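# Architecture at a glance
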Amino acid sequence: LEVFMMASTEEFLLLLVRIPMVYMSFYIFDKYMNTHNRYTRGLIYLLLLMATATFFYRLIVAKYILSEVYLMDEPEDPLKQERVVRAALDLLSLFALANGIRFYRSRVKMRAHEIELLKQKVETELNLLKSQINPHFLFNTLNNIYALALKNSSQTAPVVLKLSELMRFLLYGSGKESISILEEVKLVEDYIELESIRYNNRLQITFEKEIDDVSAQITPLLLLPLVENAFKHGASESSREAFISIRLRLKNKQFSFTMQNSVEDDEENQPGHGIGLKNVQRQLELVYKEFFFRFKKTAYSFIVKLEINLH
C-alpha cells in the first residue's frame, strides 16, 4: 500500500507537467501546424515546448519526488543525460498518444460532416430531378387537354379531373424519400388511364403486375417518366395502331420493370436523349447501389429494362 501511495503521488505531481504540455501542443497544432506558411514556426514552438516540459519534469522528479516522496538523502542531478532522455521519451509518448486520439476524433467528426453534406447534396439533387419531372409531365398533359378542347371532346372534363388527382400526388407525395410499390403502381395506372382517354381504340395497352409485397418501398416518380416517354415518343407519334406493353414484377425484394412500346421506323435513333430517361438514370445512381437500367430501339419498338435490388 505504501509503494502504491508513493507511486500515485509521483504520477499526480507529474501531471502538473503533462497536462499543460498536452493542451499547449493542441494550441500550437491548431494555430500553426494546420497552416502551410506557419508550419516551421509551429515546429519550433513544439520543440521548445518539449524541451521546457522535459526540464520541469526532471526538476520535479529530482528536487521533490525523490527527496520528499521516496525520502532519498542523496540528491540527483536534474540534467543527468540518461534521466533527461527517459523523461523526454515519457513526455513524447504522451504527446503522440494524446494528439493521435485527438486527430482520430477530429477525422471521425470531419468524416461524419462530409457524409452529412453528401447526403444533403443527394437530397437536393433528387428534389431537383423530381421538380424537373413535374413541369415536364404537366406540360405534356396540358398539351393533350388543349388538343381535346379544340375538338370540343367530351373527354376534356374527365381528363382535367384525372390530372388534378395526379397533381395532388406530385404536390404532396413526390417529396417523400420513398413510397410503397402500391402507390407507385397506382400513379402509373392513373397516368395510363389519363392518357388512354384520348386514344380510344387506337392504342393497345397491357400492364401485367406480379407483386409479393405491396408495402415494399421505392423512390417516388421512378416509373412515371418511363411510361410518359412511351406515350410521348411512341403512341403519340405513331401513324398506325400503337401498343404499349408493361410487365412489373417484385419478388423477394427483387424488382423488375420491362416496357415495350411501338415507334415509327424513321424516328430518330436516339432513344436516350429525352429528359425522362436521363432523369431516371440519375435517380437510380443517387438512390440505389444495385440496379440495371438499359433501353434500346429496334425497327418498330422501343424497349426499357429496369431491375433493382430493394434490400
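Residues numbered from 1 in each chain as written. Predicted model: local features only at pLDDT ≥ 70, side-chain atom pairs only at ≥ 80, totals over all residues. Heavy atoms only, no water.

## A closer look at the overall build of the protein chain
So the rule is basically this: Secondary structure elements follow DSSP: runs of H or I of four or more residues count as helices, runs of E of two or more count as strands, with numbering from the N terminus. Only protein chains enter the accessibility calculation, which uses a 1.4 Å probe; a residue is then buried when its area is under 20% of its type maximum, exposed when over 50%, and partly exposed in between. Calculation of accessible area relied on Shrake-Rupley with a 1.4 Å probe; when residues are assessed, cover is drawn exclusively from the protein chains displayed.
The helix and strand tally for the protein chain stands at 7 helices and 7 strands. In sequence order, the secondary structure elements of the protein chain are arranged as α-α-α-α-β-α-β-β-α-β-β-α-β-β. Classification of the 311 residues of the protein chain by burial places 39% in the buried group. Accessible surface computed for the protein chain: about 18,800 Å², of which carbon and sulfur atoms make up 58%.

## Some points on a nonpolar patch on the surface
To keep things clear, this is the line we draw: Each patch is built from residues lacking any salt bridge and having more than 30% relative accessible area; the joining distance is 9 Å for like charges and 5 Å for nonpolar side chains (Val, Leu, Ile, Met, Phe, Trp, Tyr). One speaks of a salt bridge when a side-chain nitrogen belonging to Lys or Arg is within 4 Å of a carboxyl oxygen belonging to Asp or Glu.
A contiguous nonpolar patch, built from Phe 12, Leu 15, Ile 19 and Tyr 23 and spanning about 440 Å² of accessible area, is present on the exposed surface. Relative to the elements of secondary structure, Tyr 23 occurs in helix H1 (residues 2-33).

## Examining the packing of aromatic side chains
The geometry of an aromatic ring pair is captured by two quantities: the separation of the ring centres and the angle between the planes. Counted only if it meets this: In this analysis, rings of Phe, Tyr and Trp, with Trp reduced to its six-membered ring, are considered paired at centre separations within 6.5 Å, and the interplanar angle assigns stacked below 30 degrees, edge-to-face beyond 60, and tilted for intermediate values. Two conditions define a charge sitting above a ring: the NZ of Lys or the CZ of Arg must be within 6 Å of the ring centre, and it must be within 35 degrees of the ring normal.
As enumerated under the stated definition, the model contains 8 aromatic pairs in all. With a centroid separation of 5.7 Å and an interplanar angle of 85°, the aromatic rings of Tyr 191 and Phe 231 are classed as edge-to-face. Of this pair, Tyr 191 sits in helix H5 (residues 181-196) while Phe 231 sits in helix H6 (residues 224-235), and the two are 40 residues apart along the sequence. Across the pair, Phe 231 and Tyr 191 agree in class, each one buried. Aromatic side chains Phe 295 and Phe 302 sit 6.0 Å apart centroid to centroid with 50° between the ring planes, which places their arrangement in the tilted category. Taking relative accessible area as the criterion, Phe 302 reaches 4% and is therefore assigned buried. Sitting above the plane of the Phe 26 ring, Arg 102 keeps its charged end 4.5 Å from the centroid. Sitting over the ring of Phe 207, Lys 209 keeps its end group 4.7 Å from the ring centre.

## So, the nonpolar core
Short version of the rule: In this text, buried Ala, Val, Leu, Ile, Met, Phe, Trp, Tyr and Cys residues form a nonpolar core when linked through side-chain atoms within 4.5 Å. Contacts are assigned to residue pairs with any non-hydrogen atoms lying within 4.5 Å of each other.
Formed by 48 residues in total, the largest nonpolar core has its most connected members in Leu 226, Val 227, Phe 255, Phe 257, Met 259 and Leu 306. Sort the elements by how many residues they give to this core and H5 lands first, with 7 residues. Every residue in contact with Phe 255, bar those within four places of it in the chain, is listed here: Ile 181, Ile 218, Leu 223, Leu 248, Arg 249, Leu 250, Leu 306, Glu 307, Ile 308 and Leu 310. Among the nonpolar cores identified, the runner-up in size contains 25 residues, and Leu 13, Phe 29, Tyr 57 and Val 61 belong to it.

## Focus on the sheet that holds strand S2 (residues 203-211)
Put simply, the rule is: Any two strands are treated as partners once DSSP identifies two or more bridges connecting them. Lines fitted to C-alpha atoms define the axes here, with helix axes fitted over just the stretch in contact, and angles between the N-to-C directions of these axes take values from 0 to 180 degrees.
One open sheet holds the 5 strands; their spatial order is S2-S4-S5-S7-S6, and the pairing between them is mixed. Because the sheet does not close on itself, it has two edges, and the strands there are S2 and strand S6 (291-297). Here the average twist between neighbouring strands, direction ignored, is 5°. Across 9 bridges, the pairing between strand S5 (residues 254-262) and strand S7 (residues 301-309) is antiparallel.

## Some details on the environment of Met 259
Turning to its location among the elements, Met 259 is positioned in strand S5. If sequence neighbours within four positions are ignored, Met 259 has contacts with Leu 226, Val 227, Ala 230, Ile 244, Ser 245, Ile 246, Phe 302, Ile 303 and Val 304.

## Brief notes about the pattern of salt bridges
Throughout the structure, instances matching the rule amount to 11 salt bridges. The shortest N-O distance in the salt bridge between Arg 18 and Asp 90 comes to 2.7 Å. Here Asp 90 lies in helix H3 (residues 81-150) and Arg 18 lies in helix H1, a separation of 72 residues in the sequence. Classification of Arg 18 by relative accessible area gives buried; the value is 12%.

## Here we look at unusual backbone geometry
Of note, Leu 221 is a non-glycine position whose phi angle comes to about 60°, a positive value. Along the polypeptide, Leu 221 turns up in the loop between strand S3 (217-218) and H6. Its relative accessible area of 0% is what places Leu 221 among the buried residues. Phi is positive for Lys 253, close to 70°, though the residue is something other than glycine. Tracing the chain through its elements places Lys 253 in the loop between strand S4 (242-251) and S5.

## Regarding helix H4 (residues 156-172)
Our working rule: Helices are assigned an expected span. That span is 1.5 Å times one less than the residue count. By construction, the arc corresponds to the directions joining the helix axis to the C-beta atoms.
The end-to-end C-alpha distance of H4, which contains 17 residues, comes to 25 Å, matching closely the 24 Å that a straight helix rising 1.5 Å per residue would cover. All buried positions along H4 are accounted for by Thr 156, Val 159, Lys 162, Leu 163, Leu 166, Phe 169 and Leu 170. The buried residues of H4 all sit within an arc of 135° when viewed along its axis, so they share a single face. Among the exposed residues of H4, those oriented more than 90 degrees off its buried face are Ala 157, Leu 161, Leu 171 and Tyr 172.

## Some points on H5
Taking 1.5 Å per residue as the helical rise, H5 with its 16 residues ought to reach 22 Å, and the 22 Å between its terminal C-alpha atoms agrees with that figure. Here H5 has its buried residues at Ile 181, Glu 184, Val 185, Leu 187, Val 188, Asp 190, Tyr 191, Ile 192, Leu 194 and Glu 195.

## As for the packing of H4 against H5
What counts, and what does not: Orientation is classified from the angle alone, with under 35 degrees giving roughly parallel, over 145 giving roughly antiparallel, 65 to 115 giving roughly perpendicular, and any other angle giving oblique. Each helix crossing is assigned a hand: it is left-handed if the near helix lies turned anticlockwise from the far helix by less than a right angle, otherwise right-handed if that turn is clockwise. Under the grouping applied here, Gly and all other residues not named as nonpolar or charged are polar, the nonpolar ones being Ala, Val, Leu, Ile, Met, Phe, Trp, Tyr, Cys and Pro and the charged ones Asp, Glu, Lys and Arg.
Where H4 meets H5, the axes come as close as 10 Å, and the angle between the chain directions of the two elements is 155°. Put simply, H4 runs roughly antiparallel to H5. For H4 against H5, the interelement crossing comes out left-handed. Only Leu 187, Asp 190, Tyr 191, Glu 193 and Leu 194 of H5 make contact with H4, whose side of the interface consists of Val 159, Lys 162, Leu 163, Leu 166 and Phe 169. Its residues assigned to classes, the contact of H4 with H5 shows 7 nonpolar, no polar and 3 charged.

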